[in-house]
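A structural walkthrough
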There are 2 protein chains.
Amino acid sequence: MAHGPGTGASLADVAKLAKVSTQTASRVANGSDAVRPDTRERVLAAMAELSYRPSFAARSLRAGSYHSIGLSMSGNMEATGRRFQVEGLTAAATRRRYAITLLQLDDDEANLSEASRRMASLPVDGQILYLGATPPDFATFEPPQALPTVIISTQHHPYCATISNDQTGCSVSIVNHFVQKGHREIRFVGGRRESFANVSRQKGWEQALRMRGLHVVEPMHGDWTADSGYEIGMQLVNDKSCTAIYASNDAIAVGIIYALRDAGLRVPQDISVIGVDDSLVGVIPHLELSSYRFNDTQVGALAFDLATNPPEGKKPPHILVPGTLVERSTVAQAPR
Amino acid sequence: MAHGPGTGASLADVAKLAKVSTQTASRVANGSDAVRPDTRERVLAAMAELSYRPSFAARSLRAGSYHSIGLSMSGNMEATGRRFQVEGLTAAATRRRYAITLLQLDDDEANLSEASRRMASLPVDGQILYLGATPPDFATFEPPQALPTVIISTQHHPYCATISNDQTGCSVSIVNHFVQKGHREIRFVGGRRESFANVSRQKGWEQALRMRGLHVVEPMHGDWTADSGYEIGMQLVNDKSCTAIYASNDAIAVGIIYALRDAGLRVPQDISVIGVDDSLVGVIPHLELSSYRFNDTQVGALAFDLATNPPEGKKPPHILVPGTLVERSTVAQAPR
DNA sequence: CACGCGAATGTTAACGTTAACATTCGCCGT
DNA sequence: ACGGCGAATGTTAACGTTAACATTCGCGTG
């Protein structure tokens, strides 16, 4: 069935049926109290009769705003944390009765300019760009001045507000935690080398160690899976001085722990291990993995705020949202 | 800064600056080829100068359609499979250059009528309702006739298209698989009793067993976690006749497997185990869990199709999307 | 009973765009 | 030079809503 113009009843139709002016019908539609109860009834009846649906287009044409924020994404929502950020965003939007307009970009058109161009013709009052890694035009992109724009990115941008999880803070917290427990030989086990998250975690780890004058050992890298962690764990068994391992995600941490235990070492008594993402709660029997949990919900919520209330200043803000270290049972005092 | 009416340049402004009519400006904006190249240049320059942004409101007011589908959700996107369904939906939308308008409902207003009422005043040509479990007004809900509506639900609805994963099919596939491998004593281990997914999986399992005249043993229930699975696994050790276990999710399956192994049984040689959701790939070292994987992406994509091309017939369709059984290494031929 | 006054309702215009139709322009052939 | 013709551009009206202003209604008062 058609949904073009002329389909569906307009306020004028309702008004005619109820024998009032369109303005009165409009007042009823908007819950104004300046309408006599019997008139209101007549109008409501007419609306029901015609199954009237207000025209968003006409309303926002008059109002000049949409009460909606755009979100451009590329890649999959599966990526760790992503769904929570989306959730934080929609939750914040809900609170303020905003809708979210979601635009998915194919990977081959996943750049900021294209996303922005597409979003500009949609009913949004602001936009959030959340593309994979670092889009090719990150440096050259200029946000449209008619549309407040926020990029979810760890890097900061000359003209555009940016926000993301604090990857460096993650490394710093973890190293601090280990140090507080008396550890001095703290290894890092990365995920895929090319991954941005991985790179910044490794950098943060190295910095934190150097700042304390601790020994930096060239890290090993897995592919984010538990099996790759297991292999690496088997090699770490020979690294006698190591007492603490910082794994770049939880699966690798789990793999390492299983390997160490299979080799006769005790976790955490002999070696402490910590993961990142806190993604495996309830999934591994009898294993309570200490992990660093990002505050993805907060990232989403703040992105929403930035998009709806763009800060006035000259320099665009660059916000890093800290997470929390969740202490469970895989970190202990360093052995003597 | 304001974004009300009067903010931002309109086609009229562009036209004035470029010394053409608004119609010509409109033609340029829409890429019509009936414009002389030099004129086009002038107009484009004016657009850039004024950082013109087309008014979605005005366009769709004329066009009478929005090229967008609404999605109402309540609860969290974290729930297994949900994000994939959303992803399938947005992917399908992308292919057809549709946007998705996302509306999150607070849990206390999560009913179909409220969702539909809110969505009706947003810029959408159709809506998909994806609320938790079974909303209170499921039976009484009448979809607005001005807005094609699809409900993601395992139950079917008298006036409204519905679609969901085929929970029964999941049980049937799993039982079939076990039977083919020669198993006859097939236990079911559920998650939380009240969960709808759990109930329908259990029902399907029982039906499938009865149809074959197989022995039905009252199932045990965990709370979806691996630890609860472990406990149950320890009890199942004493169930000498049992050779196959159908766990209602992967975490429980993993817990069971660990318990059985700790008790000296071999999986799959002595007992076969299968999970549901296929959610733990790469997460458990040296464990390749056979599992049933729902086709969530397809559910999302079909929901989109139903919303954009509502079928004409009298009876609304009720679509169950089958998944696939992923054979890995936790199911073997039944022991003699 | 006319007057006044606030409450209820009506009228007009405008938001920005584009389809449909109307006009003008530039150029070719004779 | 002139008619003719297609290409380029312009004019008008309409999409549905609501703010602002205008009018009418009903009722109590002097």
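Scroll up to find the structure this text is about.
Quick notes on the rules
Residues numbered from 1 in each chain as written. Chains lettered and ligands numbered in written order. Predicted model: local features only at pLDDT ≥ 70, side-chain atom pairs only at ≥ 80, totals over all residues. Heavy atoms only, no water. Near = heavy atom within 4 Å. Polar contact = N/O pair within 3.5 Å; in protein donor to acceptor, adjacent residues only side chain to side chain. Core = buried A, V, L, I, M, F, W, Y, C linked by side-chain atoms within 4.5 Å. Buried < 20%, exposed > 50% of the residue type's maximum accessible area, 1.4 Å probe, protein only. Helix = DSSP H or I, 4+ residues; strand = E, 2+ residues; numbered from the N terminus. Contact = heavy atoms within 4.5 Å. Buried area = accessible area lost by both parts, 1.4 Å probe. Salt bridge = Lys/Arg side-chain N within 4 Å of Asp/Glu carboxyl O. Nonpolar A, V, L, I, M, F, W, Y, C, P; charged D, E, K, R; others polar. Pairing = 2+ DSSP bridges. Least-squares fit on C-alpha atoms with pLDDT ≥ 70 in both. Axes fitted to C-alpha atoms, helices over the stretch in contact; angles between N-to-C directions. Right-handed = clockwise from strand over helix to strand, strands pointing away. Parallel < 35°, antiparallel > 145°, perpendicular 65-115°, else oblique. Left-handed = near helix turned anticlockwise from the far one by under 90°. Expected span 1.5 Å × (residues − 1).

Thoughts on the protein's contact with DNA strand D
Around DNA strand D there are 23 residues in total, and Leu11(A), Ser26(A), Tyr52(A), Ser21(B) and Thr39(B) lie nearest to it. Here Arg59(A) contributes a side-chain N or O atom positioned 3.1 Å from a phosphate oxygen of DNA strand D.

Digging into the nonpolar core
In this structure, Ile245(A), Val273(A), Ile284(A), Ile245(B), Ile256(B), Val273(B) and Ile284(B) are the most contacted members of the largest nonpolar core, which totals 50 residues. Elements that contribute at least two residues to this core include exactly helix 9 (226–236), strand 8 (244–247) and helix 10 (250–262) of chain A together with helix 9 (226–236), strand 8 (244–247) and helix 10 (250–262) of chain B. Considering each element in turn, this core owes the most residues, nine residues, to helix 10 of chain A. Residue contacts for Val273(B): discarding those within four places in its chain leaves Phe178(B), Ile245(B), Ala253(B), Ile256(B), Ile257(B), Leu260(B), Val267(B), Leu289(B), Ser290(B), Thr330(B) and Val331(B).

Some points on the interface of chain B and chain A
At the interface, 65 residues of chain B touch 65 residues of chain A. Contact between chain B and chain A buries roughly 5,600 Å² in total, counting both sides, with carbon and sulfur atoms accounting for 61%. The interface formed by chain B and chain A includes two salt bridges. In this structure, the salt-bridge partner of Arg97(B) is Glu109(A), at a minimum N-O distance of 3.3 Å. If you look at where chain B meets chain A, you find 23 residue pairs in polar contact (both at pLDDT 80 or more). Of all the secondary-structure elements, those providing two or more residues to the side of chain B that touches chain A are helix 4 (56–63), helix 5 (82–95), strand 2 (99–105), helix 6 (112–120), helix 9 and helix 10 of chain B. Among the elements that make up the side of chain B that touches chain A, the one with the highest residue count is helix 4 of chain B (eight residues). Its residues assigned to classes, the side of chain B that touches chain A shows 35 nonpolar, 18 polar and twelve charged. Strand direction decides the pairing type here: strand 2 (residues 99–105) of chain A and strand 2 of chain B, joined by three bridges, are antiparallel. The partner of Thr101(A) across the bridge, within strand 2 of chain B, is Thr101(B).

Some thoughts on the protein's contact with DNA strand C
Around DNA strand C lies a shell of 24 residues, among which Ser21(A), Thr39(A), Leu11(B), Ser26(B) and Tyr52(B) are the nearest. Arg27(A) has a polar side-chain atom sitting 2.9 Å from a base nitrogen of DNA strand C. Residue classes in the surface near DNA strand C are distributed as eight nonpolar, eleven polar and five charged.

Things to note about the environment of Arg27(B)
All names here are of chain B. Looking at the secondary structure, you find arginine 27 in helix 2 (residues 22–29). In this structure, the C-alpha to C-alpha distance between arginine 27 and arginine 40, residues 13 residues apart in sequence, is 9.0 Å. Not counting chain neighbours up to four residues away, the residues in contact with arginine 27 comprise Ser32 and Val35.

Looking at the relation of the copies chain B and chain A
Mapping chain B onto chain A calls for a rotation angle of 180° and an axial translation of 0.0 Å; the resulting RMSD is 0.1 Å. Considering both components of the superposition, the chain copies are consistent with a two-fold axis. When the interface residues of chain B are mapped onto chain A, 100% of them are again interface residues, pointing to one common binding face.

A short note on the pairing of strand 3 (residues 126–130) of chain B
Residue and element names in this part refer to chain B. Most of strand 3 is tucked away: five of the five residues are buried. Both faces of strand 3 are covered, namely the face carrying Gly126, Ile128 and Tyr130 and the face carrying Gln127 and Leu129. Here strand 3 pairs with strand 4 (residues 149–152) via three bridges, running parallel. Paired with leucine 129 across the two strands is isoleucine 151, which belongs to strand 4.

With respect to the side chain of Ser228(B)
Residues and elements named next belong to chain B. Tracing the backbone through its elements, the reader meets serine 228 in helix 9. Given the relative accessible area of 12%, serine 228 is considered buried. A polar atom in the side chain of serine 228 sits 3.0 Å from the side chain of aspartate 223. Those residues in contact with serine 228 that lie beyond four places of it in its chain are Gly222, Asp223 and Ile252.

Details of the sheet that holds strand 2 of chain B
Strand order in the open sheet formed by twelve strands is 11(A)-5(A)-4(A)-3(A)-1(A)-2(A)-2(B)-1(B)-3(B)-4(B)-5(B)-11(B), and the pairing between neighbours is mixed. With one partner strand each, in any of the chains shown, strand 11 (318–321) of chain A together with strand 11 (318–321) of chain B form the two edges of the open sheet. On average, each strand axis in the sheet is inclined to that of its neighbour by 20°, with strand direction left out of account. With seven bridges connecting them, strand 1 (residues 68–74) of chain A and strand 2 of chain A associate as parallel partners. Within the sheet, the bridge partner assigned to Met73(A) lies in strand 2 of chain A and is Gln104(A). The strands touched by helix 6 (residues 112–120) of chain A are strand 1, strand 2, strand 3 (126–130) and strand 4 (149–152) of chain A; relative to strand 2 of chain A, the strand with the most contacts, the crossing angle is about 135°. Along the sheet face, helix 6 of chain B touches strand 1 (68–74), strand 2, strand 3 and strand 4 of chain B and points at about 135° away from the line of strand 2 of chain B.

Overview of the pairing of strand 9 (residues 272–276) of chain A
Residues and elements named next belong to chain A. Most of strand 9 is tucked away, with five of its five residues classed as buried. Burial along strand 9 is two-sided: Ser272, Ile274 and Val276 and Val273 and Gly275, pointing in opposite directions, are all buried. Here strand 8 pairs with strand 9 via three bridges, running parallel. Its bridge partner lying in strand 9, alanine 244 is registered against serine 272. Tracing the backbone out of strand 8, into helix 10 and back to the parallel element strand 9 gives a crossover that is right-handed. Of the pairings in the sheet, the one linking strand 9 to strand 10 (residues 291–293) comprises two bridges and is parallel in character. Following the sheet pairing, valine 276 is matched in strand 10 by tyrosine 292.

Description of the packing of helix 5 of chain B against helix 11 (residues 296–308) of chain B
Residues and elements named next belong to chain B. Where helix 5 contacts helix 11, the axes come no closer than 6 Å and their chain directions differ by 45°. Considered as vectors, helix 5 and helix 11 are oriented oblique to each other. As helix 5 packs across helix 11, the resulting crossing turns out to be right-handed. Together, Phe84, Gln85, Gly88, Leu89, Ala92 and Ala93 of helix 5 and Asp296, Thr297, Val299, Gly300, Ala301 and Phe304 of helix 11 make up the contact between the two elements. When the residues that make up the contact of helix 5 with helix 11 are grouped by side-chain class, the tally is seven nonpolar, four polar and one charged.

What to know about helix 10 of chain A
All names here are of chain A. For helix 10, with 13 residues, the first-to-last C-alpha span of 18 Å sits near the 18 Å given by 1.5 Å per residue. Residues of helix 10 that are buried: Asp250, Ala251, Ile252, Ala253, Val254, Gly255, Ile256, Ile257, Tyr258, Ala259 and Leu260. Two to three positions downstream of the cap, the backbone nitrogen of isoleucine 252 sits 3.0 Å from a side-chain oxygen, assigning the N-cap of helix 10 to asparagine 249. Glycine 264 occupies a position one or two residues after helix 10 and carries a positive phi of about 95°.

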